[in-house]
Amino acid sequence: MAVLQSAEAFKKSYAKMREIVRETVGVRFNIEYYHFDDDSEPVISIDAEAERLVLDYVPEHGLVISILTKESIISFSEKNYITNLSSDNSVVFASKHNDETHCIIQFI
């Protein structure tokens, strides 16, 4: 049952992200990755234009959501992350391995 819930959460997050990317030409996003940081400062912060959004199934990783920009590809695997839709324009990916690693994506 937990696997099914994880897959459904990933599909919901992808659907919301896809809706935002499709509705807005040249949609930009800000992604902040926090990892074991007591001061709440992001380890990685990216502000870029989303060129494509892809949902794939990879046997070793399960469902994988990838955001493609001109400079990089940012991917999240359902085997490593729990997703949460926080608002109309943000998605949070929290690590399944610890309580202190998470990523906040805000579409702007």
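None of these values were measured; they are calculated from a predicted model.

## Describing the pattern of salt bridges
At step 1: Using the criterion set out here, one finds three salt bridges in the structure.
At step 2: Close ionic contact of K11 with E8 constitutes a salt bridge, the shortest N to O distance being 4.0 Å. Of this pair, K11 and E8 both sit in helix α1 (residues 2–23), three residues apart, roughly one helical turn.
At step 3: K11 sits in the partly exposed class, given a relative accessible area of 41%.

## With respect to the packing of aromatic side chains
At step 1: All told, the structure shown has five aromatic pairs when counted by the stated rule.
At step 2: When the ring of F10 is compared with that of F93, the centres are 5.8 Å apart and the planes differ by 65°; the resulting orientation is edge-to-face. Linking F10 in helix α1 with F93 in strand β7 (residues 90–95), this pair joins segments that are 83 residues apart in sequence. The same class applies to F10 and to F93, which are both buried.
At step 3: Aromatic pair Y81 and F93: ring centres 6.2 Å apart, planes at 85°, arrangement edge-to-face. Placement of Y81 in strand β6 (residues 81–87) and of F93 in strand β7 is noted, with a sequence separation of 12 residues between them.
At step 4: Relative accessible area serves as the criterion here: at 12%, Y81 is assigned to the buried category.
At step 5: Three or more aromatic residues link up through ring pairs in this structure, and these residues are F10, F76, Y81 and F93.

## Points about the sheet that holds β6
At step 1: Strand order in the open sheet made by the five strands is β2-β1-β8-β7-β6, with antiparallel pairing throughout. The open sheet is flanked by β2 (44–49) and β6, the only strands paired with a single partner. Ignoring strand direction, the axes of neighbouring strands in this sheet form an average angle of 15°.

## What to know about the confidence of the model for the protein chain
At step 1: The predicted model of the protein chain averages 86 in pLDDT, with 92% of residues at 70 or higher.
At step 2: At the level of individual helices and strands, the protein chain shows its lowest average pLDDT in α1, which scores 80, and its highest in strand β5 (residues 73–77), which scores 94.

## Concerning the sheet that holds strand β4 (residues 62–68)
At step 1: Taken in spatial order, the three strands of this open sheet run β3-β4-β5, and their pairing is antiparallel. Among the strands making up the open sheet, the edge pair consists of β3 (52–58) and β5. Mean inter-strand twist for the sheet, computed between neighbouring axes without regard to direction, equals 20°.
At step 2: Of the strand pairs in this sheet, β4 and β5 are connected by five bridges, and their pairing is antiparallel. Looking across to β5, one finds that I65 is bridged to F76.

Definitions and limits used
Residues numbered from 1 in each chain as written. Predicted model: local features only at pLDDT ≥ 70, side-chain atom pairs only at ≥ 80, totals over all residues. Heavy atoms only, no water. Salt bridge = Lys/Arg side-chain N within 4 Å of Asp/Glu carboxyl O. Helix = DSSP H or I, 4+ residues; strand = E, 2+ residues; numbered from the N terminus. Buried < 20%, exposed > 50% of the residue type's maximum accessible area, 1.4 Å probe, protein only. Phe/Tyr/Trp six-rings, centres within 6.5 Å; stacked < 30°, edge-to-face > 60°. Pairing = 2+ DSSP bridges. Axes fitted to C-alpha atoms, helices over the stretch in contact; angles between N-to-C directions. pLDDT = per-residue confidence, 0-100.

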